[in-house]
Amino acid sequence: MAPLPKRRCDLTPLIDHVPKHDDDFGTLELMHSSRPLPVFSELIENTIPEFGVGFIGGASGALKTFGILDWLASISTGESIAGREVMREGGVVYIAFEGKDTIDARHRGICIDRDGAMDGAPFYVVRDAKPVQEDHDYMRLEASLVRWNAHMLEAHGKPLTCVAIDTVVAAEMIPPEKENDPAWWQRVFNLLKPIAERLKIVIMLSHHAGKDAEKGLRGSSANHAAADFVVVFETDRDPITGEVKSRWVHLRKTRYGGGEGPIAKIEPAEVVVGKKANGKDMTTLVMRYDTEAKRGKPGKSKDRGDEATVKGAQQKLILEIVARLVAKGGEDVSTVLEQVGRGLVRDTFVSDWLAVHPETTKDTAGANFRQRVKELLDDGRLMQTGAPQQLYLPKY
């Protein structure tokens, strides 16, 4: 191999060949250990910066909206959130484009649970907000935020610190058909971030998680990249019934880094907030956080046992479907006819599985069915006739 060329130590001869410019490219600074460190101000310790735009996301059943209202309540009173200090107490606004009729009961539950700590807190809601689509809509939003800030300073002596928009799609910032378009997400952040910086506030965008919450929020990866923080409320579900086994809140991203990971396990408590028309108790949920709980593999619960693996769950479902469909024939069905078409079993399996596992595609469920049937046939727990293929359970 040829020897490497020697590095040029004296660059003076090259100076004459460098194009002349009036301005330097940048300022050269010598680093040293005594250099003062920048101070990073935060709204919520190790979670949300002092100002910026980010997401509070979650799948259905993960208590995302309950969580947003709980966090806003803590910001308005200065109480910690799952052991994380609220470092900038102030006014909050929940802009409800969804779930407008549920806010009062949920807010009352928070007030009852906090035993008077919410009295006089600068917690506000907007139920009649106009869509935010065009550039002038963002200008109108900023003008309203300026007015709301002035009101809170006068009424509470505290500035506006946080605004939650529920949801970014319901607000029409992103058309549903453009959720996967990075240009649309970039536009939203290009318009909202200057507002957050000018007013020194946090803007929380509520957004739904994708089919698999572990893979992030719905839509383009550009939304995650542009966000200053991403907090996701997640669930662990039973693979057979779809029942929620546990709930967690997880920090997926923060501007300054270093705090990503599980925040806490959620243990919601039920609170009576009033009476229904029939005289029965009206209840809502309030948040409880267990910061000591350890989560197993995401999406898996530790107490499900061997049968609760996906493989075992799918095999059990197929056997139940065959038994169910055969039983529909009634007691008069002869032994020879106690079987059911493989195609009908497959279609029923795919439908039942997707009902509790919407993150699974139809093709994947079909492939799972073929593999599980093969396994059941191999170990003798399921029997199959020739063409046309019929499935039936063995008699012992």
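Residues numbered from 1 in each chain as written. Predicted model: local features only at pLDDT ≥ 70, side-chain atom pairs only at ≥ 80, totals over all residues. Heavy atoms only, no water.

**Q** Any chance you could explain the packing of helix α8 (residues 342-356) against helix α9 (residues 362-378) here in plain terms?
**A** The axes of two packed helices give the description: the angle between them and the distance between them. At a minimum axis separation of 9 Å, α8 and α9 run at an interaxial angle of 125°. Between α8 and α9, the interaxial angle falls into the category oblique. Every pair of crossing elements has a handedness; the one defined by α8 and α9 is right-handed. Facing R342, V345, R346, F349, V350, W353 and L354 of α8, the residues of α9 in contact are K362, A365, G366, F369, R370 and V373. Residue composition of the contact of α8 with α9, grouped by class: 8 nonpolar, 1 polar and 4 charged. (Axes fitted to C-alpha atoms, helices over the stretch in contact; angles between N-to-C directions. Helix = DSSP H or I, 4+ residues; strand = E, 2+ residues; numbered from the N terminus. Parallel < 35°, antiparallel > 145°, perpendicular 65-115°, else oblique. Left-handed = near helix turned anticlockwise from the far one by under 90°. Contact = heavy atoms within 4.5 Å. Nonpolar A, V, L, I, M, F, W, Y, C, P; charged D, E, K, R; others polar.)

**Q** Honestly, the side chain of D70 in this entry has me stumped. Any pointers?
**A** By secondary structure assignment, the location of D70 is in helix α2 (residues 64-77). When its relative accessible area of 7% is taken as the criterion, D70 is described as buried. Contacts of D70, omitting those with residues within four sequence positions, involve I110, R114, M287 and Y289. (Buried < 20%, exposed > 50% of the residue type's maximum accessible area, 1.4 Å probe, protein only.)

**Q** Looking at this model, I keep getting lost on α8. Mind explaining?
**A** Since the α-helix turns once every 3.6 residues, residues separated by three or four places project in the same direction. For α8, with 15 residues, the first-to-last C-alpha span of 22 Å sits near the 21 Å given by 1.5 Å per residue. Taken as a whole, α8 has its buried residues at R342, V345, T348, F349, V350 and W353. (Expected span 1.5 Å × (residues − 1).)

**Q** Sorry, what's going on with the pattern of salt bridges here?
**A** Side chains bearing opposite charge may pair, as long as their charged atoms lie close to each other. Inspection of every chain in the model, using the stated rule, returns 20 salt bridges. In this structure, the salt-bridge partner of R114 is D70, at a minimum N-O distance of 2.8 Å. Taken together, the residues R114 in the loop between α3 (103-113) and β5 (123-126) and D70 in helix α2 connect sequence positions 44 residues apart. A salt bridge links E89 to K158, with the shortest nitrogen-to-oxygen separation between them at 2.3 Å. Placement of E89 in the loop between α2 and β4 (91-96) and of K158 in the loop between α4 (135-156) and β6 (160-166) is noted, with a sequence separation of 69 residues between them. (Salt bridge = Lys/Arg side-chain N within 4 Å of Asp/Glu carboxyl O.)

**Q** Hey, could you run me through the sheet that holds strand β14 (residues 340-341) in this one?
**A** Two modes of strand pairing occur in sheets, parallel and antiparallel, and in both the strands are linked by backbone hydrogen bonds. A sheet is described by the order of its strands in space; here 3 strands give the open sequence β14-β16-β15, paired in antiparallel fashion. Only two strands of the sheet have a single partner each, and these edge strands are β14 and β15 (383-384). As paired strands, β14 and strand β16 (residues 390-392) are joined by 2 bridges and run antiparallel to one another. Its bridge partner lying in β16, G341 is registered against Q390. (Pairing = 2+ DSSP bridges.)

**Q** How should I be thinking about the packing of aromatic side chains in this particular structure?
**A** Remark: the centre distance and the inter-plane angle together describe each pair of aromatic rings, the angle taken between the planes. Under the criterion given, the structure shown has 5 aromatic pairs. A centroid spacing of 5.7 Å and a plane angle of 70° characterise the contact between F55 and F189, whose relative ring orientation is edge-to-face. Here F55, found in strand β3 (residues 52-58), pairs with F189, found in helix α5 (residues 182-199); they are 134 residues apart in sequence, far enough to count as distant. With centroids separated by 5.7 Å and ring planes inclined at 40°, the aromatic side chains of F349 and F369 adopt a geometry described as tilted. Of this pair, F349 sits in helix α8 while F369 sits in helix α9, and the two are 20 residues apart along the sequence. The two residues F349 and F369 agree in class, both being buried. Among the aromatic residues, those joined into a ring-pair cluster are F55, W185 and F189. Directly above the aromatic system of F51 lies the positively charged group of R255, at a separation of 5.5 Å from the ring centroid. (Phe/Tyr/Trp six-rings, centres within 6.5 Å; stacked < 30°, edge-to-face > 60°. Lys NZ or Arg CZ within 6 Å of the ring centre and 35° of its normal.)

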